[in-house]
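Residue-level listing of the chains:
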Amino acid sequence: MATLKDRLETDMRTAMKARNELTTSTLKMVLTAVKSAEVAGKQARELSDDEVLAVVTKEAKKRRESAVAFADAGRTELAAKERAEEEILEAYLPAQLSDAELTELVAGALAAGGFEGPKALGMAMKAAQAAVAGRAEGGRVAAEVRKQLG
């Protein structure tokens, strides 16, 4: 099975051949972010699939936030472009959890760790994020953890 980075590179080449400018530029942008992450730190290294997934997730979140900012400023054409780029990146992300699934996973993580009360928020968040494994945004996870600890 090919790594996520290989899949991104292959899809970028395919988009270039098909002259799909939006997909090409979006995938080039995310691959640049991956390469930047690989050389960040003291020594260059190859990122694991989970680390590449984290970069893609971060880039998709940037697009979502930019689309909202552009829409609020009345720049609908730029907001539409950001949403289109986000949709391209969403194809490389795992399916997002529903609210019921998120509630169930967080409850299981909190019960397994024995976390109770607001003082356990930090450790509870760590356990919940591990259980969710990138299938829900951090804000949604934090809100659910606070609700259940509260």
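Heads up: these notes are all about the structure in this document. What you see is a predicted model, and the numbers here were worked out from it, not measured in a lab.

1. Structural notes on unusual backbone geometry
Of note in this structure, arginine 19 is not a glycine but carries a positive phi near 60°. Residue position: arginine 19 is located in the loop between α1 (4–17) and α2 (21–39). We classify arginine 19 as exposed; its relative accessible area is 73%.

2. Points about the side chain of lysine 5
Here lysine 5 lies in helix α1. If near-sequence neighbours (up to four positions away) are discounted, lysine 5 is found in contact with Leu31, Val34, Glu38, Glu46, Asp49 and Val52.

3. Some words on helix α5 (residues 99–113)
In a regular helix each residue adds 1.5 Å, so 15 residues correspond to 21 Å; α5 covers 21 Å between its end C-alpha atoms and thus fits that length. The set of residues buried in α5 consists of Leu102, Val106, Ala109 and Leu110. Projected onto a plane normal to the axis of α5, the buried residues spread over an arc of 95° and lie on a single side. Exposed and facing more than 90 degrees away from the buried side of α5 are Ala100, Glu104, Ala111 and Ala112. In this structure, the buried residues of α5 make contact with α6 (121–132) and α7 (138–149). Just downstream of α5 lies glycine 114, where phi reads positive at about 70°.

4. What about the environment of arginine 140?
With respect to the helices, strands and loops of the structure, arginine 140 is situated in helix α7. You can call arginine 140 partly exposed: its relative accessible area is 27%. Once the C-alpha coordinates of arginine 140 and glutamate 9 are considered, the two residues, 131 residues apart in sequence, prove to be 31 Å apart. What arginine 140 contacts, discounting residues up to four positions off in sequence, is Leu97, Ser98, Asp99 and Leu102. Within the structure, the side chain of arginine 140 is placed 2.9 Å from the side chain of aspartate 99, a separation counted as a polar contact.

5. Concerning the packing of α2 against helix α3 (residues 49–72)
Running from amino to carboxyl end, α2 crosses α3 at an angle of 130°, the nearest separation of the two axes being 10 Å. The pairing of α2 with α3 is recorded here as oblique in orientation. Handedness of the α2/α3 crossing: right-handed. Residues Met29, Val30, Ala33, Val34 and Ala37 of α2 lie in contact with α3, whose contacting residues are Val52, Val55, Val56, Glu59 and Arg63. Residues belonging to the contact of α2 with α3 are distributed by class as follows: eight nonpolar, no polar and two charged.

Cut-offs used in this document
- All chains use their own residue numbering, which begins from 1 and follows the written sequence.
- With pLDDT at 70 or above as the cut-off, local features in this predicted model cover only qualifying residues; side-chain atom pairs require 80 or more to be listed or tallied, and sums for whole chains, interfaces and linings still use all residues.
- Only hydrogens and water are set aside when side-chain values are computed; all heavy atoms of the structure are taken into account.
- The numbering of helices and of strands both runs from the N terminus, where a helix is a DSSP run of H or I of at least 4 residues and a strand a run of E of at least 2.
- Whether a residue is buried, partly exposed or exposed follows from its accessible area with a 1.4 Å probe, protein chains only, as a fraction of its type maximum: under 20%, in between, or over 50%, in that order.
- Only heavy atoms matter for contacts: two residues are in contact if any of them lie within 4.5 Å across the pair.
- How far a helix is expected to stretch is found by multiplying one less than its residue total by 1.5 Å.
- Of all possible arcs, the one meant is that of the directions from the helix axis to the C-beta atoms.
- Pairs of N or O atoms are called polar contacts if they sit within 3.5 Å, as long as, within protein, a hydrogen donor faces a hydrogen acceptor (for residues adjacent in sequence, only side-chain-to-side-chain pairs).
- Whenever a helix is involved, its axis is fitted only over the stretch in contact; in every case the axis is a line through C-alpha atoms, and angles between N-to-C directions fall within 0 to 180 degrees.
- Roughly parallel means an angle under 35 degrees; roughly antiparallel, over 145; roughly perpendicular, 65 to 115; everything else is oblique.
- A crossing counts as left-handed when the near helix is turned anticlockwise from the far one by less than a right angle, and as right-handed when that turn is clockwise.
- Classes in brief: Ala, Val, Leu, Ile, Met, Phe, Trp, Tyr, Cys and Pro nonpolar; Asp, Glu, Lys and Arg charged; the others, Gly included, polar.

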